[in-house]
Amino acid sequence: VESFVDELAALAQEDPVTYRLALLHADSRARKVLEVAAQKAGWTSPMKPSTKAGARRGRGVSVLSAFGSHLAQVAEVTVDSDGEIRVDRVICAVDCGMVVNPDTVQAQIDGGVLFGVTAALWGEVTIKDGRVEQSNFHDYRLLRMAEAPRVEVHILPSQETPGGVGEPGTSAVIAAIANAVFSAVGQRPRKLPVRIST
């Protein structure tokens, strides 16, 4: 859904954050997390170019309301000349209602983002002759520690009923990555795992 919203923003020739803000009620929780995520990401500032020859960089945004929580994420990616995608940084603003333990929220969002990066870039199970080809982590690609993006989580104060933070971090980052890839190279990923043609 958030990749489609991004596509509509591009067709309307509007900034993806501005486009979303126009769709959200002025005092909505979703709007507030989007404003915080965009501000913390420096959305209106140009990104530093890659030091790697031929690599291009981009930012993408997504907003999610699910499980009683609202969050917005901005992903920053680098796409090298071979089409390899690296997620450099993910900024997340979350309103999950009243927070009992902020460390738990941070950990859940961190883990969800990393799981989502794996799903976005390599989450594929293939079938050959009626059998699954992957048998374990030696032949199913996962995000490695050295590839992990920097994750920043900003928890908004709230007196609302506590919501969930397990799945939202995963779901939102996948769209943010796809939107960042479009920003970087002008190709719109429409299926997972995200691939671009070089």
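We now turn to the structure provided with this report. No experiment lies behind these values; they were computed from the predicted model shown.

Looking now at the nonpolar core. Counting 32 residues, the largest nonpolar core has Val77, Val94, Ile109, Leu121, Ile177 and Val181 as its most contacted members. Where this core is concerned, the elements lending two or more residues are strand E2 (69-79), strand E3 (85-95), helix H4 (102-122), strand E6 (150-155) and helix H5 (168-185). The element that contributes the greatest number of residues to this core is H5, accounting for nine residues. With residues up to four places along the chain from it excluded, the contact list for Val181 reads Val77, Ile85, Gly186, Gln187, Pro189, Val194 and Ile196. Of all hydrophobic cores here, the second largest spans 16 residues; its members include Ala41, Ala72, Val74 and Leu156.

Moving on: unusual backbone geometry. At the junction of Leu192 and Pro193, the peptide bond is cis and its omega measures out at -5° in the coordinates. Structurally, the position occupied by Pro193 is in the segment after H5. In the Ramachandran plot, Gln13 falls in the positive-phi region, its phi being about 55° despite a non-glycine side chain. Residue placement: Gln13 occurs in the loop between helix H1 (2-11) and helix H2 (16-23).

Here the focus is the state of the cysteines. The full count for this structure, using the stated rule, is zero disulfides. Free of any disulfide, Cys92 has its nearest cysteine sulfur in Cys96, 9.5 Å distant.

What follows covers a nonpolar patch on the surface. Together, Phe4, Leu8 and Leu11 make up a nonpolar patch on the protein surface, roughly 330 Å² of accessible area in all. Structurally, Leu11 can be placed in helix H1.

Analysis parameters
Residues numbered from 1 in each chain as written. Predicted model: local features only at pLDDT ≥ 70, side-chain atom pairs only at ≥ 80, totals over all residues. Heavy atoms only, no water. Core = buried A, V, L, I, M, F, W, Y, C linked by side-chain atoms within 4.5 Å. Buried < 20%, exposed > 50% of the residue type's maximum accessible area, 1.4 Å probe, protein only. Helix = DSSP H or I, 4+ residues; strand = E, 2+ residues; numbered from the N terminus. Contact = heavy atoms within 4.5 Å. Disulfide = S-S within 2.5 Å. Patch = residues over 30% accessible without salt bridge, like charges linked within 9 Å, V, L, I, M, F, W, Y side chains within 5 Å. Areas by Shrake-Rupley, 256 points an atom, 1.4 Å probe, with all protein chains shown as cover. Salt bridge = Lys/Arg side-chain N within 4 Å of Asp/Glu carboxyl O.

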